[in-house]
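Notes for the structure review
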Amino acid sequence: MTTTATELVVDGVTLTAGARRLVEDVSLTARPGEVIGLVDPNSSGKSSLLRAVYRVLRPSAGRVAVDGADAWSLPVRQVARTVAAVVQEPAADFDLTVREVVAMGRTPHKRLLDGDTPEDAALIRSALAAVDATGLAHRPFDRLSGGERQRVLIARALAQQPSLLVLDEPTNHLDIRHQLDVLDTLRRLPATVLIALHDLNLAAHYCDRLYVLRDGTVTASGPPADVLTPQLLADVYGVTTEITLHPRTGAPHVVFLPGDPRPGQRDEAPPRPSSSSCG
C-alpha cells in the first residue's frame, strides 16, 4: 500500500473553551511531504490547535482543510485512513499485548471482523522495528514504562500508514537515542508531518518550517534559520540565547544563557559582603 502525502491548510482557526479563547485566527500550511513544527511556551495553544486538526476540538471559526476538503465534513472512516495522531494524554491501560496495540493502527483499512493479512503483519513488524520495539511485541502494554508506551503508540500511528501524521510532543519520556531515532523515522516518511516540540534544537534540525505560537496566535513562521533569532526567543520565551549554525548539520543551534534579556530585568550579582576585622 502506497501512501501519498497530504496538504494541510489551517485557515483563520479560532478555538474556544467556554468563555476562554484557546487559539485565535491561526493560519498555517503544510505542503505534501513537509515536516512542520509548532513551538511555543507552555499553554500557548499548540496542543489545542493539533486537536482541531485531528478532529477532537471543533473550530468556532475558520477551517481545517485536508487536500482542499473540510476535515470536519469528511466521513469518519476517510479521516481515520488519512490522519493519525500521537497525543499527550495518558495512554489507556489496554489489556493487550504491544503487538495487538500496534495492530490497531490497521483497523481503518479493514472491514469488520477482518483478520490480519500478510501485508498487515509486515507493516506491524516494520512499525515496531522503526521505534526499536520489536523485543516488546509480546509484552503486556499496561506493564510498560512511559517511554516504552510512547514508542508503541508512535508505532501504532506508523502502522496506520497515514498521509498526515499529527504528533504532540512525541519525544516526551524518550531518552536521547530514541528521540533521534523517532524523529529520523518521521523525517523519512512519505507523509506530511505536523509536530509540536519543546526542544528548539530538535525542531530546528528536523522541521522544514516552524510556526511559533504565543498566547494562542502565530507570532512568527518560516524556515528555522529565519524564525529562531535571539530577539524572538527573548520576546516569546523571555530567555537570553546565542544562536549559531551548527558546523555539521547547518541547522540553527540554540544555546541558552542565564539572565533576563528584558531591559532593566537582568539579574545582578549579589553584592559581596564587606570584610571586617574582629576585636
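Located above this text is the structure these notes cover.
Residues numbered from 1 in each chain as written. Predicted model: local features only at pLDDT ≥ 70, side-chain atom pairs only at ≥ 80, totals over all residues. Heavy atoms only, no water.

**Some details on helix H6 (residues 176-188)**
Applicable threshold: Secondary structure is summarised from DSSP: a helix means a run of H or I of at least four residues, a strand means a run of E of at least two, and numbering begins at the N terminus for each. The length a helix should cover is 1.5 Å for every residue beyond the first. Only heavy atoms enter the contact rule, under which two residues are in contact if any of them lie within 4.5 Å.
Relative to the 18 Å expected for 13 residues at 1.5 Å per residue, H6 spans 19 Å between its end C-alpha atoms, a close match to the ideal helical length. At its buried positions, H6 is contacted by strand E3 (35-39), helix H4 (118-130), helix H5 (146-159), strand E7 (164-168), strand E8 (192-196) and helix H7 (200-206).

**So, the sheet that holds strand E5 (residues 69-70)**
Put simply, the rule reads: Only when DSSP finds a minimum of two bridges between them are two strands counted as paired.
The sheet built from 4 strands is open, its strands ordered E2-E1-E4-E5 with antiparallel pairing. Each end of this open sheet is capped by a strand with a single partner; those strands are strand E2 (20-30) and E5. For strand E4 (residues 61-66) and E5, the ladder comprises 2 bridges, and the chain directions are antiparallel. Each bridged residue has a counterpart across the sheet, and for Ala65 the counterpart in E5 is Asp70.

**Remarks on the side chain of Thr185**
Mapped onto the elements, Thr185 comes out in helix H6. Apart from the residues lying within four places of it in its own chain, the contact partners of Thr185 are Ala130 and Leu158.

**Quick word on the environment of Ala85**
Note the threshold: Burial classification: accessible surface area is computed with a 1.4 Å probe over protein chains only, and a residue below 20% of its type maximum counts as buried, one above 50% as exposed, and the rest as partly exposed.
The topology assignment puts Ala85 in strand E6 (residues 83-86). According to the relative accessible area criterion, Ala85 is partly exposed, its value standing at 29%. With 77 residues separating them along the chain, Ala85 and Pro162 place their C-alpha atoms 9.2 Å apart. Ala85 has contacts with Tyr54 and Val166, leaving out every residue within four places of it along the chain.

**Some thoughts on the nonpolar core**
Keep this limit in mind: Residues enter a nonpolar core if they are buried and are Ala, Val, Leu, Ile, Met, Phe, Trp, Tyr or Cys, with the set joined through side-chain atoms within 4.5 Å.
Ranked by internal contacts, the top residues of the largest apolar core, which has 48 residues, are Val102, Val152, Leu165, Leu186, Ile195 and Leu228. The element contributing the most residues to this core is H5, with 7 residues. Apart from residues no more than four positions distant in its own chain, Val152 is found in contact with Val98, Val101, Val102, Leu136, Phe141 and Leu144. Listed in part, the 28 residues of the second largest apolar core include Val26, Tyr54, Val66 and Leu213.

**Regarding the pattern of salt bridges**
It is possible for side chains of opposite charge to pair when their charged atoms get near one another. The line we're drawing: Throughout this description, the term salt bridge denotes a Lys or Arg side-chain nitrogen within 4 Å of a carboxyl oxygen of Asp or Glu.
Applying the stated criterion across every chain yields a total of 13 salt bridges. Close ionic contact of Arg187 with Asp208 constitutes a salt bridge, the shortest N to O distance being 3.0 Å. Of the two residues, Arg187 is situated in helix H6 and Asp208 in the loop between H7 and strand E9 (209-214); the sequence distance between them amounts to 21 residues. Residue Asp208 is classed as partly exposed on the basis of its relative accessible area, which comes to 30%. Several salt bridges converge on common partners, so that one network encompasses Arg99, Arg106, Lys110, Asp116 and Asp120.

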